[in-house]
Amino acid sequence: MDVNRAKQIYSSDSTIKVHLDDGDSVWIENVDEAKGMATVQVGGNPVNTKTVSVDRLQER
């Protein structure tokens with residue numbers, strides 16, 4: 001996924017399914033456009049967050 005699409009999903013009022021390249025379902029919490037990184041919540045667990053490259057995100 002590119003940074004612009006990640007930002008669109010983050011800003012959207014709709015629920016858009018996003019997964020990491022390893023298959024984990026994630027919710028985008030923040031997008032750092034300058035670094036090409038996103039902070040995501042993994043599997044609906046608010047204490048399980050990761051910062052990953054937006055390249056690892058896949059829209060489903």
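Structure: above.
Residues numbered from 1 in each chain as written. Predicted model: local features only at pLDDT ≥ 70, side-chain atom pairs only at ≥ 80, totals over all residues. Heavy atoms only, no water.

Asks: So what exactly am I meant to see when it comes to the pattern of salt bridges here?
Replies: It is possible for side chains bearing opposite charge to pair when their charged atoms get close. Inspection of the entire model under this criterion finds four salt bridges. The salt bridge involving Glu59 is made with Arg5; its shortest N-O contact spans 2.8 Å. Pair noted here: Glu59 is in strand β5 (residues 57-59) and Arg5 is in helix α1 (residues 3-11), with a separation of 54 residues, a long-range link. The exposure class of Glu59 is partly exposed, given its relative accessible area of 41%. A relative accessible area of 26% means that Arg5 is categorised as partly exposed. Salt bridges here are not isolated pairs; linked through shared partners, they connect Asp21, Asp22 and Arg56. (Salt bridge = Lys/Arg side-chain N within 4 Å of Asp/Glu carboxyl O. Helix = DSSP H or I, 4+ residues; strand = E, 2+ residues; numbered from the N terminus. Buried < 20%, exposed > 50% of the residue type's maximum accessible area, 1.4 Å probe, protein only.)

Asks: What's the story with the nonpolar core in this structure? I'm lost.
Replies: A general feature of soluble globular proteins is that nonpolar side chains tend to end up buried together. In terms of nonpolar packing, the biggest core is built from 15 residues, with Ala6, Val18, Val26, Ile28, Val40, Val54 and Leu57 touching the most fellow members. When contributions to this core are tallied by element, the ones reaching two or more residues are α1, β1 (18-20), β2 (25-32) and β3 (37-42). (Core = buried A, V, L, I, M, F, W, Y, C linked by side-chain atoms within 4.5 Å.)

Asks: Just checking my understanding: could you explain the pairing of strand β4 (residues 49-53) for this structure?
Replies: Across a regular strand the side chains alternate sides, sitting on one face of the sheet and then on the other. Looking at chain direction, β3 and β4 are connected through five bridges and run antiparallel. Following the sheet pairing, Met37 is matched in β4 by Ser53. The hairpin turn running from β3 into β4, its antiparallel successor, is six residues long, and Gly43 in that turn takes a positive phi close to 60 degrees. (Pairing = 2+ DSSP bridges.)

Asks: Sorry, what's going on with the pairing of β2 here?
Replies: Note: β1 against β2, two bridges, orientation antiparallel. Across the sheet, residue His19 finds its bridge partner in β2, namely Ser25. With six bridges joining them, β2 and β3 adopt antiparallel strand pairing. For Trp27, the partnering residue across the bridge sits in β3 and is Gln41. The antiparallel pairing of β2 with β3 creates a hairpin that spans four residues between the two strands, and Gly36 there sits at a positive phi of about 70 degrees.

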